[in-house]
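# Observations on chain architecture
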Amino acid sequence: MDEQQTIAALAALAQATRLRTFRLLVEREPEGVAAGELARLVDVPQNTMSAHLATLSQAGLVRGARQSRMIIYRVDLDRFRAVMLYLLQDCCGGNVTLCAPLISDLAPCCAPIPKAG
């Protein structure tokens with residue numbers, strides 16, 4: 001990950017509909033969501049959603065895979081992780097004491113959910 005790739009990813013997320021779409025796709029991992037369903041869920045016209053998905057795809061944050069006549073979109077979690085790591089790479093000048101609260105705040109959001117059964 002380099003500076004230009006990070007700027008492109010952040011720029012793609014710096015718009016309300018794209019940010020909502022990205023967050024929705026994160027919630028729907030790993031199944032993904034069809035483009036038409038995304039448009040319905042975010043309440044935008046399908047052609048508008050297509051433009052937003054193109055922007056997110058060009059930034060490497062989402063990718064689409066054709067399933068029959070639909071395109072199912074999913075978040076590229078590896079790319080998102082790379083963007084976050086780039087931003088935090090030199091967190092607080094390497095001072096663990098300063099970074100600990102940030103890392104602590106991030107940990108609960110990503111805890112594995114126990115499977116029933």
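Preceding this section is the structure that the text describes.
Here's a quick rundown of the structure. (Residues numbered from 1 in each chain as written. Predicted model: local features only at pLDDT ≥ 70, side-chain atom pairs only at ≥ 80, totals over all residues. Heavy atoms only, no water.)

## Examining the overall build of the chain
Secondary structure assignment for the chain yields six helices and three strands. Each helix and strand of the chain, placed in order from N terminus to C terminus, yields the pattern α-α-β-α-α-β-β-α-α. Seen through its principal axes, the chain has C-alpha atoms that stretch 50 × 45 × 20 Å. By the burial criterion, 28% of the 117 residues in the chain qualify as buried. (Helix = DSSP H or I, 4+ residues; strand = E, 2+ residues; numbered from the N terminus. Buried < 20%, exposed > 50% of the residue type's maximum accessible area, 1.4 Å probe, protein only.)

## Here we look at the packing of aromatic side chains
What the rule picks out here adds up to one aromatic pair. Aromatic pair phenylalanine 22 and phenylalanine 80: ring centres 5.1 Å apart, planes at 55°, arrangement tilted. Taken together, the residues span a long stretch of sequence, with phenylalanine 22 in helix 2 (residues 16-27) and phenylalanine 80 in helix 5 (residues 77-88) at a distance of 58 residues. Classification of phenylalanine 80 by relative accessible area gives partly exposed; the value is 25%. (Phe/Tyr/Trp six-rings, centres within 6.5 Å; stacked < 30°, edge-to-face > 60°.)

## Here's the deal with the pairing of strand 3 (residues 70-75)
For a regular strand, side-chain orientation follows a simple rule: the groups alternate between the two sheet faces. Across two bridges, the pairing between strand 1 (residues 33-34) and strand 3 is antiparallel. Residue pairing for strand 3: alanine 34 is matched across the bridge by isoleucine 72. In this structure, strand 2 (residues 62-67) lies alongside strand 3, joined through six bridges in antiparallel fashion. In the strand pairing of strand 3, glutamine 67 is matched with methionine 70. A loop of two residues connects strand 2 with strand 3, the two strands running antiparallel in sequence, and serine 68 in this loop sits at a positive phi of about 60°. (Pairing = 2+ DSSP bridges.)

## What about the pattern of salt bridges?
For the structure on display, the rule yields four salt bridges. Between glutamate 37 and arginine 40 there is a salt bridge, and its shortest N-O distance comes to 2.6 Å. Of this pair, glutamate 37 and arginine 40 both sit in helix 3 (residues 35-42), three residues apart, roughly one helical turn. By relative accessible area, which is 55% here, arginine 40 ends up exposed. Between arginine 81 and aspartate 78 there is a salt bridge; the shortest N-O distance is 2.7 Å. (Salt bridge = Lys/Arg side-chain N within 4 Å of Asp/Glu carboxyl O.)

The values are spatial; any link to function lies outside them.
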